[in-house]
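What follows is the residue order along each chain.
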Amino acid sequence: MSLQFYDTMARKKRAFEPADPKRVTMYVCGPTVYNYTHIGNARSAIAFDLLFRVLRHEFGADHVNYARNFTDIDDKIIKASKETGAPIDEITKKFAQVYLDELGELNALAPTGAPRATEHIPEMIALVERLVDAGAAYAADGHVLFSVESFAEYGRLSGANRDEMIAGARVEVAPYKKNPADFVLWKPAAEDEPGWDSPWGRGRPGWHLECSVMIKKGLGETIDIHCGGQDLRFPHHENEIAQSACAHDGAPLARYWMHNGFLRMGTDKMSKSIGNVVLTHQLLKDGWPGEVIRWALLSAHYRQPLEWTEDLLRQSKRQLDRFYRLLEEVADDIGEAAAPESVVLALKDDLNTPEAYAGLHELRDIAAQMDGAARRNAILRLRAAGRLMGFFEADPASWFKGVGGDGPTAEEIDALLLKRAEARKAKDFATSDKIRDDLAAQGIVIEDGADGATWRRE
Ligand code: AMP
Ligand code: ZN
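Quick caveat, the model's predicted, so the values are computed rather than measured. (Residues numbered from 1 in each chain as written. Chains lettered and ligands numbered in written order. Predicted model: local features only at pLDDT ≥ 70, side-chain atom pairs only at ≥ 80, totals over all residues. Heavy atoms only, no water.)

Asker: So what's going on with helix H16 (residues 429-441)? Which residues, and what values?
Answerer: Because an α-helix completes one turn every 3.6 residues, residues spaced three or four positions apart along the sequence face the same direction. Counted at 1.5 Å a residue, the expected span for H16 with its 13 residues is 18 Å, and the 18 Å between its end C-alpha atoms agrees. Structurally, H16 contributes buried residues whose contacts are with helix H15 (410-425) and strand S14 (444-449). Of the residues trailing H16, Gly443 is marked for its positive phi of about 80°. (Helix = DSSP H or I, 4+ residues; strand = E, 2+ residues; numbered from the N terminus. Expected span 1.5 Å × (residues − 1). Contact = heavy atoms within 4.5 Å.)

Asker: Describe the side chain of Thr92, with residues and values.
Answerer: Inspection of the secondary structure puts Thr92 in helix H3 (residues 88-105). The class of Thr92 is buried, set by a relative accessible area of 6%. Thr92 has contacts with Val33, Asp72 and Ile77, leaving out every residue within four places of it along the chain. (Buried < 20%, exposed > 50% of the residue type's maximum accessible area, 1.4 Å probe, protein only.)

Asker: Mind laying out the packing of helix H4 (residues 121-133) against helix H7 (residues 233-247), listing which residues take part and the relevant values?
Answerer: At their nearest, the axes of H4 and H7 sit 9 Å apart, and the two run at 70° to each other. In terms of orientation, H4 and H7 fall into the roughly perpendicular class. Between H4 and H7, the residues in contact are Leu127, Arg130 and Leu131 and Gln243, Cys246 and Ala247, respectively. Of the residues in the contact of H4 with H7, the class split is four nonpolar, one polar and one charged. (Axes fitted to C-alpha atoms, helices over the stretch in contact; angles between N-to-C directions. Parallel < 35°, antiparallel > 145°, perpendicular 65-115°, else oblique. Nonpolar A, V, L, I, M, F, W, Y, C, P; charged D, E, K, R; others polar.)

Asker: Residue-level account of the site of ligand 1, with values.
Answerer: Taken together, 16 residues surround ligand 1, and among them Gly40, Gly229, Asp231, Leu263 and Met270 come closest. In the environment of ligand 1, an oxygen atom lies 3.1 Å from a nitrogen or oxygen atom belonging to the backbone of Gly229. A distance of 2.8 Å separates a nitrogen atom of ligand 1 from a polar backbone atom of Met270. With the chains in place, 88% of the 490 Å² that ligand 1 exposes on its own is no longer accessible. Per-element tally for the shell around ligand 1: the top contributor is helix H1 (residues 39-59), with three residues. Each residue belonging to the shell around ligand 1 can be placed in one class, and the counts come to six nonpolar, eight polar and two charged. (Near = heavy atom within 4 Å. Polar contact = N/O pair within 3.5 Å; in protein donor to acceptor, adjacent residues only side chain to side chain. Areas by Shrake-Rupley, 256 points an atom, 1.4 Å probe, with all protein chains shown as cover.)

Asker: Can you tell me about the pattern of salt bridges, naming the residues and giving the values?
Answerer: The full count for this structure, using the stated rule, is 29 salt bridges. Of the charged contacts in the structure, one is a salt bridge between Arg53 and Asp49, with a shortest N-O distance of 3.0 Å. Taken together, the residues Arg53 and Asp49, both in helix H1 and four residues apart, mark about one turn of the helix. Here Arg53 falls in the buried class, since its relative accessible area comes to 7%. Here Asp49 ties to Arg294 by a salt bridge, and the two come within 2.8 Å at their closest N and O atoms. Of this pair, Asp49 sits in helix H1 while Arg294 sits in helix H9 (residues 290-297), placing them 245 residues apart in sequence. Overall, the relative accessible area of 1% leaves Asp49 in the buried class. Among the ionic contacts, a cluster of salt bridges with common partners joins Asp75, Lys82, Lys187, Asp192, Glu193 and Arg204. (Salt bridge = Lys/Arg side-chain N within 4 Å of Asp/Glu carboxyl O.)

In structure tokens, the structure reads:
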């Protein structure tokens, strides 16, 4: 079966054929870097990390170009700088690195390109000039606005009636706009704000502009797949489409559009503005292994809503434990072993992760009933599937020492083991037995060996 993805523009699944199989291109709208990101942001990044992996599997690791931007100039960043007194580039560099480190913990591969908006200001100004020359944009009151009337297809991606969308998005009505739906390409910068000289005075770019520019520069005028969260369809992606097409003689921005569904808290979207966020940073600090978070994020199909709960994390940990118990038996490298067909086919069908998980569970159950070489082979195939999906990358021995969100930390257990060794040396068996029993009650098993005691979580 060939690859197929649900294309938001076509509103159906379509067979995926890249324009050039030797140079497949994908772009994901990345974070605005002024603070720690939440687990909803991570859902988007991890869903499309899986897409990147599947494309690499299909077309070869060297044939996929994947860019994900950092928005490093924005009202929210300026506000954060004013509030904390820290310079803007200190804030954005710090949180861009935090974001990359966190996604690394979640086994996300590095994109092939990570462009930053502020590194593309001259290209942004050039694009705005092209739009003005083409009659698609106009300067007014220090601003440059894109005229939505100039692009007949405006609104096609999000589909809804344009006036309804505009009302829903509460677009800003401003006296200098010809049409309330016209959006800002360039805006004036206040004295105490960062700005760049331009033909329209000192100012800074609007948010939508950067993606059009970085896509063109990093990947080309028309890319294969453009991705992002479903909240970005309107206005962000409509605006990207309109800018790019009008600047590039009508060439479409992307051949396929993929959007992930929301991660929710109860019935609400997780979002900073509602304030119901769980930070990835915090989960990792609490001791949840990155793979557990990844497993939880991919447990629902990427287009479906996913409700985030602590129980989901606990279940994910338990499921991964069952795999690691088998993986522990075989330390060898994957070698020639291939991921099972059931997993590969599920992923090729619009990244169907629930079905891929079913394939993994099935193979695990089969492996558990086998012996000898057959068992070893099945375990290696599990590892191969894990490598494709970004799982099973931890060392099994340390996996079982990881914290499951509650219970004592590894350091605390090590300290107790030391105390127990001292107690035994002093023949204080009451104390040493109590330490053993207390740990057992928390699911931690001590194994005494010739070189001293080791421990593992049951
Ligand atoms: P932002 O920094 O808010 O622009 O978001 C970065 C990316 O995360 C975008 O692709 C958003 O669509 C996505 N995103 C934000 N909130 C959620 C959520 N609750 N669930 C899934 N994706 C989200
Ligand atoms: Zn974008």
